[in-house]
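Structural overview
Here's the letter readout for the chains.
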Amino acid sequence: NFKLAAAPFALLPLPSNNCTDDLRNFILTFLRTGLMTMPTTSIQRCPEVDCVTTLDCEGAFSTLSEQEKQYVRCMSQACWAGYPISVRQVSEAALELLSTFLNVFAAGFEDVKNKVSEAGVSDDAFNKFGTFAAYCFGNGGNYLSFGDSKFVPNCSEEEFLRILDCCGVDQKQAARVCSEAFSLSSNVLEFGLDGKGISGYYSEGMTTREVESVESVVEEWGLMKENTRLFKTSERKYELRIASCEKRRGRTAQCVFGEVTEVYGDFSTELCAVRSALEEAQQFALNDLQKKVLTAYTEHFSSGNMDKHVEAQRLWVEDKSPAVESNIGFIETYRDPAGVRAEFEGFVAVVNKEQSAKFQALVQSAEELLKKLPWPEAFEKEVFQKPDFTSLEVISFGCSGIPAGINLPNYDVIRQDIGFKNVSLGNVISSAYKAEKVSFVEEEYQELYKKFAVKFLIGDAYLAIYFNSGSEF
């Protein structure tokens, strides 16, 4: 039961006759149909095709010096130490789900497969179980990182429980995990407030009116909200939980619905591990700017002061074209139903010098090319800040989903006064199309899609410069 996803393609110009016939047909297909079909329900089931591909970074890593490799190691540890934060921002149940899968597969995929096969579990059921586990790791929980709707296993509940039992998972834990994996109650199908969805940023049942009431207090305090969560602890009592290593209680104020208290120390365990890795990275920093960035990061994660993260991002933008690129913190607000609280993420990548040179040539011509775009100058910033536009090969990316590229920082005060960095993640783009079949493309267009898809995504990265917009793409 599918319906065609409408898209506002009518305003786009048709391709010129200079295109090759294949490319022209491919573009016209996109313009006329959008190619993508969307389900009429929020329920998503994992596909039965392979969903794991190799993110090739061996070649890029091998070009680094020993100091650069040690820097990559420390920053990667920081990224993955913070990954559970991203999972807990979905739900605590999601964290138990992933922890269970880690224990199940600790012995190795093939060993586990042989064990459950001896217990009478079919290869088909086990492969569907494994696919669901992979999807959970790839999305930072059992909700799509791009779409925010819940997905469920393709195997049966009985097969799911039998596999967990074969792997020695406690019966009560197995029952909780199975319930979380298969529940299709109307209030758990997507992220939301007012009882219409779930969110790890808010306590269960939080209403939009309550959130807005507390936000007015937060704004009076002059706090940024990216590294906060909001929980109702009792009738008319709320905690604004601020992510930091340090644990302490702060100010208290009244809102329409009761009393609000600042509580520092949210995600303290994870952030202490992040801080430890960043402190070790100091000795391998590649220049003085990177040392200053790391100092600002550690001060931010220690205290919860977002001004320190803004400072870190300001310094990061000034560090032009380093051999190793990284960024970490509470960055994107996509998954918050209120759109203000940010998901934790961190990445480490190595520069692809050949592709980056092409991007820099585009940057140099950007001001002239901007004048040719079909909108008046009033829609552009008064002064175009030339970005540092780089092609990277990702080594580590600890978050709910790896984008094809990023445009950071999101803080307008930095973007307007200093600039920003555009980053194309080359090995992500090339790895995304290794699957045998793309599920949302009609069979007759499969090969045509694969032929041009990577080039189209690189084109998206080019366009990020022109649109001068923040976040990920």
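This text gives an overview of the structure that appears in the document. On a predicted model such as this, the values are computed, not experimentally measured, just so you know.

Side chains that are nonpolar tend, in soluble globular proteins, to be buried together. In terms of nonpolar packing, the biggest core is built from 54 residues, with Leu271, Val274, Leu278, Phe301, Phe330 and Phe344 touching the most fellow members. By residue number, the principal contributor to this core is helix 3 (residues 66-88), which donates eight residues. Setting aside its immediate chain neighbours within four residues, Leu271 contacts Ile85, Ala243, Ser244, Cys245, Asp266, Phe301 and Phe344. Val90, Val112, Ala125 and Val177 belong to the second largest nonpolar core, which has 36 residues in total.

We now examine the pattern of salt bridges. The full count for this structure, using the stated rule, is 18 salt bridges. Note that Lys237 is salt-bridged to Glu259, the shortest N-O span being 3.1 Å. Of the two residues, Lys237 is situated in strand 6 (residues 237-243) and Glu259 in strand 8 (residues 258-266); the sequence distance between them amounts to 22 residues. Given a relative accessible area of 25%, Glu259 falls into the partly exposed group. For the salt bridge of Arg251 with Glu262, the shortest nitrogen-to-oxygen distance reads 3.0 Å. Within this pair, whereas Arg251 is found in strand 7 (residues 248-255), its partner Glu262 is found in strand 8, the two being separated by 11 residues in sequence. In this structure Glu262 comes out as buried when scored by relative accessible area, which is 3%.

Quick look at the packing of helix 7 (residues 157-166) against helix 8 (residues 171-182) now. At their nearest, the axes of helix 7 and helix 8 sit 10 Å apart, and the two run at 145° to each other. The element helix 7 and its partner helix 8 pack so that their crossing is right-handed. Note on element contacts: helix 8 touches helix 7 through Ala174, Ala175, Val177, Cys178, Ala181 and Phe182, opposite Glu157, Phe160, Leu161 and Leu164.

Conventions and cut-offs
Residues numbered from 1 in each chain as written. Predicted model: local features only at pLDDT ≥ 70, side-chain atom pairs only at ≥ 80, totals over all residues. Heavy atoms only, no water. Core = buried A, V, L, I, M, F, W, Y, C linked by side-chain atoms within 4.5 Å. Buried < 20%, exposed > 50% of the residue type's maximum accessible area, 1.4 Å probe, protein only. Helix = DSSP H or I, 4+ residues; strand = E, 2+ residues; numbered from the N terminus. Contact = heavy atoms within 4.5 Å. Salt bridge = Lys/Arg side-chain N within 4 Å of Asp/Glu carboxyl O. Axes fitted to C-alpha atoms, helices over the stretch in contact; angles between N-to-C directions. Left-handed = near helix turned anticlockwise from the far one by under 90°.

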